Amino acid sequence: MKQISPKNLPSFKLFLGALLLLIGMTPWLSAEEKQSQAPAPAKRSDSIEFAKQIQPILAKRCYSCHGPDEQEGGFRLDTEEGAFVETHSGGFAIVAGEPEESLIIERILTDDEYMRMPPEGEPLKPREVKLLTRWIEEGAEWEKHWGFRKPIQPEIPEVSDPEWINNPIDAFILSRLEEQHLQPTTLATKQTLIRRAYFNLTGLPPTPAEVDAFLRDESSDAWSDLLDRLLASPHYGERWARHWLDLVRYADTNSFERDGDKPNAWRYRDYVIRSFNEDKPYNQFVKEQLAGDELDEVTPETITATAYYRLGLFDDEPADPLLHQFDQYDDIVATTSQVFLGLTVDCARCHDHKIDPIPQTDYYRLLAFFRGLPPYAIGRKEETLLNFSQRDITSAETEQIYEAWEAEKQALRDQILPLEQKGISKMPGAAQRATEGPRREKLLAAKLDDYLNEEDWQTYTALKAELEKVESRELPPREVTLAVNGTNPNPEPTYVMLRGNPHVLGEEVTPGFPELFEAETPDFPELPGNAESSGRRRALAEWIASDENLFAARVMVNRLWQHHFGRGIVRSTNNFGQLGDPPTHPKLLDWLAYELVKNDWKLKPIHRLIMQSKVYQLSSEAREPELSLDPANDLFWRFNMRRLDAEEVRDAIHAVTGELNPKMFGPGIYPEISAEVLAGQSRPGKGWGNSSETEQARRSVYIFVKRSLITPILAEFDFAETDRTCAARFSTTQPTQALAFMNSPFLQEQSARFAERLQEEAGSNPADQVTWALELALSRLPSEEEVTRGVDLIERLQEEHSLSKEQALTYFCLVTLNLNEFLYLD
């Protein structure tokens, strides 16, 4: 018999396989051949979604050994190509359709501790093993990560209970609930909804009169009309601007040891408030911040928007100036990629991204867009701060006033100078020479009248008096803002920096978008000779905010959802990458992105859409089986109760006590801070001003944000991290909060003001005082039992602790401000 050579083996196996099939036997195939020849298993209606259910498991449990940095065993699980190659042991980690032949399942399930994967940490949970097994059974289909796929406009799903639907948002939510055999909870009461709407849109509680009017309005448009009023309120911009300021790491100082001021940073804060109140299209809002000085129409407003680049940390005494300069670029790359795109591009500064398909070159290509920006300043040289980060935005009208003023002064000088020269020409030579130096004014004042006739001297003194009067005239102040200034129209080359070190340069790169978006390389037009900037940032801004590129729209609508429901459809709102949280409702997220663009990128229509849904109007009531089956409320079957955030707490106190000052805009205010807290600074008390009591009662968004000295009541209630972009604040419960609310001078003082308001508005009857106090603080009428308990407390404080009526009422007010119902939003 002729020997079969390896060369003839494939044809022999095909022949033998056909023969075996004829006699009813299954031919043998290698795992690799099975993988390539097996038909894809039919998809079940509840098929596993790779990007949502499998990829997060691989990223969190497998990438450290089988990812971009290490490929133990000869395979990697962060790419499709690497996952299906033959391993060093001769097998295959994943064999599509054959979990029993897939080494990944074998190694996960083995009892041999030296062979089990992952080798460290807890074993995979049974649910995760089941998902991986099912995924392989279904064909191990590998999908591009959801966050890197362009949004697709989805169909609105059908549901079995269409009458429950207010708008398409409800259809997306209810369809998911029905898939899991769950039901939404009951609807919230109107009393609950008005407080929810006021805080979510304005950050302030409704007044009793506003609550009463809403409860009495039984029309079908009552809720819609309320939303329109709140969205039109100037307080809306103050509330939603603060969310944006968290993202862009807003502060009024630089951090580091001296923590010096950022002059005129407050103008950027005011720009953001105005932008939200005007409902400026979000794509325009993006363009103004990224390229406000490069747009076709550059205005004081767009210039102010570029302060976005100047809000980060600045060290005025760096050990390595070049490294610090590129640390500032890194801050810009990190903030821009996370805030606008939901990508952690900054993780690729020193090496390729560990998880996402972002090579190191992409980081530097993105940095190249910003290369024409000068640093914030150079060391402690004030002139560099003025040249690089301050810009005059005085209005045209004010400029005309200054021009006329200068012309008037010059006309007077033109009359004064000939008279001075006439007198100087008669002086001795030494005196004449002295008038050519710094002693000129002093000498003329002492000697000139000796060398002019009486008529000339009277004319001269009259002109000098007139000039002095003009020079002392009070003029409207010039307006200067923190902004980008002194940009380079011909930026220096950008190089990949080995290990992120600017002293060790690699290959040169040019501006470009992250390759995972598969976007074309930007084309930059030739610049005119008088160009002040390169136009690179405008190209980036227009790509990010284009109607075709919906990634920015998807990120932004997720943020709107986050601040209405307590968490985003994607919980990791700054990270849509592979280590971020997958969306619980991906189709809803894409649908909202399309709605934003359809509404010309305006945010207020999206607010209305969200708040008019049944989902938003659900109560927070927990019930079974939903609570057991979905304890984290991933499917939004109820509303998430939340604690008020730091600014809401402080502002609500001022509103309830009647002390709130509604004044808007302007330089930051300085609430009183105790000497003990000020003493904790490296330079005690330095950089903290004194504001009047009236100014201190303004809204918290106007508080001067000093990075090394956050206002204590804000810090205690989890104020935003200011060193980097803050996508979501912590919401902690800790002893210092209770101590501050019982003992701090601020709460003691506000309780006294609250008591004064009650005496003034409710009279001297304790029951009326208690009723009015609870109505103001809780946005509802109290029960008889609550009033009785309050009156009893006031009486016991007088009888058992010998307090006056005023003191007892003040302590009752303090207790009221400590109620959970005051501090939590249902």
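Thresholds, definitions, all that
- Residues numbered from 1 in each chain as written.
- Predicted model: local features only at pLDDT ≥ 70, side-chain atom pairs only at ≥ 80, totals over all residues.
- Heavy atoms only, no water.
- Helix = DSSP H or I, 4+ residues; strand = E, 2+ residues; numbered from the N terminus.
- Buried < 20%, exposed > 50% of the residue type's maximum accessible area, 1.4 Å probe, protein only.
- Contact = heavy atoms within 4.5 Å.
- Areas by Shrake-Rupley, 256 points an atom, 1.4 Å probe, with all protein chains shown as cover.
- Disulfide = S-S within 2.5 Å.
- Phe/Tyr/Trp six-rings, centres within 6.5 Å; stacked < 30°, edge-to-face > 60°.
- Polar contact = N/O pair within 3.5 Å; in protein donor to acceptor, adjacent residues only side chain to side chain.
- Domains from an automatic or database assignment.
- Core = buried A, V, L, I, M, F, W, Y, C linked by side-chain atoms within 4.5 Å.
- Salt bridge = Lys/Arg side-chain N within 4 Å of Asp/Glu carboxyl O.
- Expected span 1.5 Å × (residues − 1).
- Axes fitted to C-alpha atoms, helices over the stretch in contact; angles between N-to-C directions.
- Parallel < 35°, antiparallel > 145°, perpendicular 65-115°, else oblique.
- Left-handed = near helix turned anticlockwise from the far one by under 90°.

1. A closer look at the overall build of the protein chain
Stage number 1. Along the backbone of the protein chain there are 37 helices and six strands.
Stage number 2. Expressed as lengths along the three principal axes of its C-alpha atoms, the size of the protein chain is roughly 140 × 80 × 50 Å.
Stage number 3. Counting every position in the protein chain, which comprises 826 residues, the buried fraction comes to 51%.
Stage number 4. Within the protein chain, counting contacts between residues at least 6 apart in sequence, those at least 24 apart form 69% of the total.
Stage number 5. Summing over all exposed atoms, the protein chain offers an accessible surface of approximately 39,400 Å²; the carbon and sulfur share of this is 51%.

2. A closer look at the state of the cysteines
Stage number 1. Overall, the coordinates contain zero disulfides when judged by the stated rule.
Stage number 2. Cys-62 takes part in no disulfide bond, and the closest cysteine sulfur, belonging to Cys-65, lies 8.7 Å away.
Stage number 3. Relative accessible area serves as the criterion here: at 17%, Cys-65 is assigned to the buried category.

3. Quick look at the packing of aromatic side chains
Stage number 1. The full count for this structure, using the stated rule, is 40 aromatic pairs.
Stage number 2. Ring centres 6.4 Å apart and planes at 25° place the aromatic pair Tyr-282 and Trp-601 in the stacked group. Taken together, the positions of Tyr-282 in helix H14 (residues 282–291) and Trp-601 in the loop between helix H25 (586–598) and helix H26 (604–611) put the pair 319 residues apart, joining distant regions of the chain.
Stage number 3. What makes Trp-601 buried here is its relative accessible area of 2%.
Stage number 4. Taking the centre distance of 6.1 Å and the plane angle of 90° together, the rings of Tyr-402 and Trp-405 count as edge-to-face. Placement of the pair is Tyr-402 and Trp-405 together in helix H19 (residues 396–424), with a separation of three residues, close to one helical turn. The same class applies to Tyr-402 as to Trp-405, namely buried.
Stage number 5. Taken together, Tyr-236, Trp-244, Tyr-268, Tyr-271, Phe-276, Tyr-282, Phe-285, Tyr-308, Tyr-309, Phe-340, Phe-370 and Trp-601 form an aromatic cluster joined through their ring pairs.

4. Points about the side chain of Gln-390
Stage number 1. Positionally, Gln-390 belongs in strand E1 (residues 390–392).
Stage number 2. Owing to a relative accessible area of 7%, Gln-390 belongs among the buried residues under this scheme.
Stage number 3. A polar atom in the side chain of Gln-390 sits 3.0 Å from the backbone oxygen of Pro-263.

5. Remarks on the domain arrangement of the protein chain
Stage number 1. Along its sequence, the protein chain is organised into domain 1 (12–143), domain 2 (281–391 + 487–544), domain 3 (399–472) and domain 4 (743–825).
Stage number 2. Between the C-alpha centres of domain 3 and domain 4 the distance comes to 71 Å.

6. Concerning the nonpolar core
Stage number 1. Counting residues in hydrophobic clusters, the biggest one holds 160 residues, and the most contacted among them are Ile-169, Trp-244, Tyr-268 and Trp-561.
Stage number 2. With nine residues, helix H24 (residues 551–565) is the largest single contributor of residues to this core.
Stage number 3. Excluding anything up to four places from it in sequence, Ile-169 contacts Trp-561, Leu-588, Trp-591, Leu-592, Leu-609, Ile-610, Ser-613 and Val-615.

7. Comments concerning the pattern of salt bridges
Stage number 1. Under the counting rule described, the total for this entry stands at 58 salt bridges.
Stage number 2. Between Lys-409 and Glu-406 there is a salt bridge, and its shortest N-O distance comes to 3.5 Å. Taken together, the residues Lys-409 and Glu-406, both in helix H19 and three residues apart, mark about one turn of the helix.
Stage number 3. Owing to a relative accessible area of 7%, Lys-409 belongs among the buried residues under this scheme.
Stage number 4. A relative accessible area of 38% places Glu-406 in the partly exposed class.
Stage number 5. Each of Glu-238, Arg-650, Asp-651 and Arg-699 takes part in one network of salt bridges that share partners.

8. Points about the side chain of Asn-283
Stage number 1. With respect to the helices and strands, the residue Asn-283 is situated in helix H14.
Stage number 2. Those residues in contact with Asn-283 that sit more than four places away from it in its chain are Ala-545, Asp-547 and Trp-601.

9. A word on unusual backbone geometry
Stage number 1. A cis amide bond links Met-117 with the next residue in sequence, Pro-118, at an omega value of -5°.
Stage number 2. Considering the arrangement of structural elements, one finds Pro-118 in the loop between helix H6 (103–109) and helix H7 (126–137).
Stage number 3. A cis amide bond links Glu-624 with the next residue in sequence, Pro-625, at an omega value of 5°.
Stage number 4. Along the chain, Pro-625 falls in the loop between H26 and helix H27 (626–629).

10. Quick word on helix H16 (residues 321–341)
Stage number 1. Spanning 21 residues, H16 covers 30 Å between terminal C-alpha atoms, matching the ideal 30 Å at 1.5 Å per step.
Stage number 2. In terms of burial, H16 is largely enclosed, as 16 of its 21 residues are buried.
Stage number 3. Of the residues flanking the end of H16, it is Gly-342, one or two places downstream, whose phi is positive at about 70°.

11. Observations concerning the packing of helix H33 (residues 745–762) against helix H36 (residues 805–817)
Stage number 1. The N-to-C vectors of H33 and H36 enclose an angle of 115°; their axes lie 8 Å apart at closest approach. Our classification of the angle between H33 and H36 gives roughly perpendicular. Here the hand of the crossing between H33 and H36 comes out right-handed. Across from Leu-747, Gln-748, Ser-751, Ala-752, Phe-754, Ala-755, Leu-758 and Gln-759 in H33, the residues of H36 making contact are Glu-806, Leu-809, Thr-810, Cys-813, Leu-814, Thr-816 and Leu-817.

12. Topic: H25
Stage number 1. Here H25 contains 13 residues, and its C-alpha end-to-end distance of 19 Å stays within 8% of the 18 Å for a straight helix at 1.5 Å per residue.
Stage number 2. All buried positions along H25 are accounted for by Leu-588, Leu-589, Asp-590, Trp-591, Leu-592, Ala-593, Glu-595, Leu-596 and Val-597.
Stage number 3. On its buried face, H25 is in contact with helix H8 (168–179), H24 and H26.
Stage number 4. The first or second residue beyond H25 is Asp-600, which carries a positive phi of 60°.

13. Notes on the environment of Ala-752
Stage number 1. Summarising the element assignment, Ala-752 is placed in helix H33.
Stage number 2. Taking C-alpha positions, Ala-752 is 59 Å from Cys-62, a pair spaced 690 residues apart along the chain.

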